[in-house]
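Understanding the architecture of this molecule
Spelled out from the first residue to the last, the chains are:
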Amino acid sequence: MNAHDSEKVIGTLLAEGYQQVETPDEAHLVLYNTCSIRDKAEQKVFNRLQQFKRDAGKGKVFGVLGCVAQQEGEKIFERAPHVSLVAGSASYTKLPEMLVQLEAGNRHVTGLSLDTDETFDTPFTRRDNPHRAYITIIEGCDKSCAYCVVPFTRGPERSRTSASVMAEAQRLAEQGYTEIQLLGQNVNSYRDPSPAGWDFAILLGRVAEVPGIRRVRYTTSHPRDFVRAIVETMDANPVLCDHVHLPVQSGASRVLAAMDRLYTREEYLKRIEWLKSARRNYSITTDIIVGFPGETEKDFEQTLDLLDQVQYDSLFSFKYSPRPHTAALAMPDPVGDDEKQRRLVAVQERQRAIQIRRNADLIGTVQEVLVEGRNQALGQWIGRTSSNRTLNFTDPRGEGLLGKYLPVRVTRSGPNSLVGESVTVV
Ligand code: SAM
Ligand code: SF4
């Protein structure tokens, strides 16, 4: 979402007459988009701001955008006095006005209000990838997971109208994009604010019908709002990719309740069952937090057991990181950092073994890939499967394949990617 926010901010600046340069050194205005989901990400921001200051020389204007801006607010002006703009994502609709203030020489411009029901649509978005495009369908979050700073930094949930999402999807298809990724902190709670009143499953089905679009992905799903109609819609339309990211966070219902995740282990597994008994073979991935305050060894064992039971194709795992403005801050946290680290490594090792096995099962199969890049050194093309795996492959053609969809036979596998050869030899 941050990457796409940056694309929208860049598009807005270009529309205002700015030019993009390659490095902060060359820039007169440096806008730094930030993440504060974990403490480490936040620390990086302040280190980088110091570095900019050292390297930048005089006469440059600096702005901090995103979640650290929202979280720290005007304190940033004290910690980094060379910064002139501090704005959270809920204020980006006002970016052109803020730029005018900066140009007028105002050295303390802020956009920190969360009081908005507007979404930041920009028709000028400057997209990084020539084949795959992101579309934000919902911003903010109305859940209150006890560890998470997002509801504070990104404000309340706001859905875009279905008409504006569809118009953007159609425009992208006309421009030659073939893959669309629908974005939101919790895409499943999408509610069309217009009279059409579409829910997420309906929107997903309609986007998949846009002529020219070959693949549609979406992220992220909250398990509580992941309803069976979504699986039925996916089953009915192969344009919807064979992949669902369904963050579980913990395998223990006791911890899930403390996290305020609004589902139990059993309710989560019911959704996994819908996916496993579906008509298509879906790749399932997740997020895990280890060492949430009060997580016992027994709770943690249940997370490892869940990995064995679900057999995820990939996961993101994190040590619990205390965040400001969250309920978990007030919870006693007897799990020491060494123990958190041990649990993190245990999750990653268990998952690595699962991925090695699951990827090896694909050897000999033919997968359709979207060709996304070329590794000259290895003489390989880089492809992505519908299940979101990287499949590097050889093809006698040394050029002209970027953006194409090709069948590739898998010949080797590793924990994180596949290797193969193109089956369309000309
Ligand atoms: N909205 C999504 C959801 O509900 O799953 C994901 C939001 S967050 C940007 C992505 C992931 O970061 C979460 O799924 C969670 O695993 C992790 N995360 C969020 N807050 C965290 C914290 N305080 N400490 C460690 N990991 C955290
Ligand atoms: Fe954070 Fe929970 Fe909202 Fe996801 S659903 S963004 S984890 S509060």
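Criteria and cut-off values
Residues numbered from 1 in each chain as written. Chains lettered and ligands numbered in written order. Predicted model: local features only at pLDDT ≥ 70, side-chain atom pairs only at ≥ 80, totals over all residues. Heavy atoms only, no water. Helix = DSSP H or I, 4+ residues; strand = E, 2+ residues; numbered from the N terminus. Rg over C-alpha atoms; globule rule 2.2 N^0.38 Å. Contact = heavy atoms within 4.5 Å. Lys, Arg positive; Asp, Glu negative; His and termini not counted. Charge placed at Lys NZ, Arg CZ, Asp CG, Glu CD. Pairing = 2+ DSSP bridges. Axes fitted to C-alpha atoms, helices over the stretch in contact; angles between N-to-C directions. Near = heavy atom within 4 Å. Nonpolar A, V, L, I, M, F, W, Y, C, P; charged D, E, K, R; others polar. Expected span 1.5 Å × (residues − 1). Buried < 20%, exposed > 50% of the residue type's maximum accessible area, 1.4 Å probe, protein only.

1. Notes on the overall build of the protein
The helix and strand inventory of the protein stands at 13 helices and 17 strands. For 426 residues, the compact-globule estimate of 2.2 N^0.38 gives 22 Å, and the protein sits close to it at 22 Å. Once the C-alpha set of the protein is aligned to its principal axes, its extents read approximately 65 × 60 × 50 Å. The contacts in the protein between residues at least 6 apart in sequence include a share of 72% that link residues at least 24 apart. The protein carries 53 positive and 55 negative side-chain charges, and their two centres are separated by 3 Å.

2. Here's the deal with the sheet that holds strand β8 (residues 179-183)
Pairing within the open sheet is parallel, and its 3 strands lie in the order β5-β8-β9. Across the chains shown, the open sheet's two edge strands, defined by having one partner strand only, are β5 (132-136) and β9 (215-219). Across the sheet, the axes of successive neighbouring strands diverge by a mean angle of 20°, strand direction being ignored. Along the sheet face, helix α7 (residues 162-174) touches β5 and β8 and points at about 170° away from the line of β5.

3. Description of the environment of Ala-330
With respect to the helices and strands, the residue Ala-330 is situated in the loop between β12 (314-319) and α13 (337-360). For the pair Ala-330 and Pro-293, spaced 37 residues apart in the sequence, the C-alpha separation amounts to 9.5 Å.

4. A word on the site of ligand 2
Residues in contact with ligand 2, as listed here, are Cys-141, Lys-143, Cys-145, Tyr-147, Cys-148, Val-150, Pro-151, Gln-185, His-222 and Arg-261. Residues that form the shell around ligand 2 fall into these classes: 6 nonpolar, 2 polar and 2 charged.

5. Observations regarding the sheet that holds strand β11 (residues 283-290)
Sheet strands associate in pairs through backbone hydrogen bonding, adopting either a parallel or an antiparallel arrangement. With parallel pairing, the 3 strands of this open sheet are ordered in space as β10-β11-β12. At either margin of the open sheet sits one strand with a lone partner, and together these are β10 (243-245) and β12. Averaged over all pairs of adjacent strands, the angle between their axes in this sheet comes to 10°, without regard to strand direction. One ladder, built from 3 bridges, connects β10 with β11; its direction is parallel. Its bridge partner lying in β11, His-243 is registered against Ser-283.

6. Details of helix α11 (residues 265-276)
Its 12 residues give α11 an end-to-end C-alpha distance of 16 Å, which sits within 8% of 16 Å, the value for a rise of 1.5 Å per residue. The set of residues buried in α11 consists of Arg-265, Tyr-268, Leu-269, Arg-271, Ile-272, Trp-274 and Leu-275. Contacts from the buried residues of α11 go to α9 (228-236), β10, α10 (253-259), β11 and α12 (297-310).

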